[in-house]
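If you want the building blocks of each chain, they are given just below.
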Amino acid sequence: MRNILVLIGIIVFVAVLISFVLQFLRNSKQKQFMYLLQNNEFDTLYKKIDSFYTKSIFPEYNREYVRLNALIMQDRKEEIDATFDKLIPMAKDKNAKIDILDKAFGYYVYDENQEKCDQIIKEIEKLDDEKILKHTKMMYDIMILKKSNHIKELEKDFDKQPVMQRVTNAYLLSVQYKNKGNEEKAQYYENVSKSLVEGSKG
């Protein structure tokens, strides 16, 4: 009995140790990926992603997610499409699905790709998440349908909103006023958005 308990203890210890080492290696590799992305060293990054070492410590989903960020930075549209098509079905739990669908919708809505946005909205509707669905439909109204029906809700308590939310909302207000034909207001909110971005850097 004692030997069995000792064996179990050893197995648990080894499992914890392996988990700790793997996490350390992953953290180290993630820092390396971030450095390469920030310095636009894409060729090196792709080689690292596809290396045997990276494949041994990261699941395919994580590797392809890093690749996607690099492809977006390079604006390689066909490969971006293919990578989103690969990642979306791979996301298994709800949080992962929300993350990748939100990222895909954000990319395609600013690219004004209605066909892709329509496909993604159908997937988002399956998630039973009213908050993200509401935001998605608002973005669709503004960027794809060129409506201006969300001005009041975005202007409400604008100055009380967190800085990054104001950056986004100011941009969306600018687009809506442009949709409406009010160039003066559109320019005003565009300037607000830019000044908030500059202010957040300093």
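Residues numbered from 1 in each chain as written. Predicted model: local features only at pLDDT ≥ 70, side-chain atom pairs only at ≥ 80, totals over all residues. Heavy atoms only, no water.

With respect to the layout of surface pockets
For the record, the criterion: Of the two site types, the cavity is a set of points on a 1 Å grid over the protein atoms alone where a 1.4 Å probe fits but cannot get out, and the pocket is an open set with protein on both sides within 12 Å along at least five of seven lines, each lined by residues with an atom within 4 Å of a point. Grid points are joined across faces, edges and corners, and a volume is the space filled by probe spheres set on the points. Numbering goes from the N terminus for both helices and strands, where a helix is a DSSP run of H or I of at least four residues and a strand is a run of E of at least two. In this count, Pro and Cys sit with the nonpolar residues alongside Ala, Val, Leu, Ile, Met, Phe, Trp and Tyr, while Asp, Glu, Lys and Arg are called charged and the others, Gly among them, polar.
Roughly 380 Å³ of volume is contained in the largest pocket. What lines the largest pocket is simply Lys131, Ile132, Lys134, His135, Met138, Glu153, Leu154, Gln161, Met164, Gln165, Thr168 and Asn169. The set of elements that each furnish at least two residues to the lining of the largest pocket consists of helix 8 (130–144), helix 9 (151–155) and helix 10 (163–180). Per element, the largest residue contribution to the lining of the largest pocket is five residues, and it comes from helix 8. Taken together, the residues that form the lining of the largest pocket break down as four nonpolar, five polar and three charged.

Looking at the nonpolar core
For the record, the criterion: The criterion is simple. A nonpolar core is a set of buried Ala, Val, Leu, Ile, Met, Phe, Trp, Tyr and Cys residues joined through side-chain atoms within 4.5 Å. Three labels apply to residues, based on accessible area from a 1.4 Å probe with only protein chains included: buried if under 20% of the type maximum, exposed if over 50%, partly exposed otherwise in between. When checking whether two residues touch, look at their non-hydrogen atoms; a contact exists if any pair is within 4.5 Å.
Among the nonpolar cores identified, the biggest contains 55 residues, and Leu45, Phe84, Ile100 and Phe105 are the most heavily contacted of them. Here the element with the most residues in this core is helix 6 (residues 94–110); it accounts for nine residues. Not counting the four nearest positions on each side in its chain, Phe84 is found in contact with Leu68, Ile72, Pro89, Ile100, Lys103, Ala104, Tyr107 and Tyr108.

Comments concerning the packing of helix 4 (residues 60–74) against helix 5 (residues 77–90)
Our working definition: To get an axis, fit a line to the C-alpha atoms, keeping to the stretch in contact for a helix; angles then go from 0 to 180 degrees between the N-to-C directions. If an angle is under 35 degrees, it is roughly parallel; if it is over 145, roughly antiparallel; if it lies from 65 to 115, roughly perpendicular; otherwise it is oblique. By convention, the crossing between two helices is left-handed when the near helix turns anticlockwise from the far helix through less than a right angle, and right-handed when the turn is clockwise.
Interhelical geometry of helix 4 versus helix 5 gives an angle of 150° and a closest axis separation of 10 Å. Classified by the angle their axes make, helix 4 and helix 5 are roughly antiparallel. Of the two elements, helix 4 crosses helix 5, and the hand of that crossing is left-handed. Counting all contacts with helix 4, which are made through Glu60, Tyr61, Glu64, Tyr65, Leu68, Leu71 and Ile72, the residues of helix 5 involved are Glu79, Ile80, Thr83, Phe84, Lys86, Leu87 and Met90. Its residues placed into classes, the contact of helix 4 with helix 5 shows nine nonpolar, one polar and four charged.

Observations concerning the pattern of salt bridges
Spelled out, the test is: Salt bridges are identified by distance alone: a Lys or Arg side-chain nitrogen within 4 Å of an Asp or Glu carboxyl oxygen.
Per the counting criterion, the structure on display carries 12 salt bridges. Arg67 is the partner of Glu64 in a salt bridge, and the nearest nitrogen-oxygen pair spans 3.0 Å. With Glu64 and Arg67 both in helix 4 and three residues apart, this pair spans about one turn of that helix. On the basis of relative accessible area, Glu64 is assigned to the buried category, the value being 7%. Under the relative-accessibility criterion, Arg67 is labelled buried at 14%. The shortest N-O distance in the salt bridge between Lys116 and Asp85 comes to 3.6 Å. Taken as a pair, Lys116 in helix 7 (residues 114–125) and Asp85 in helix 5 lie far apart in primary sequence, 31 residues in all.

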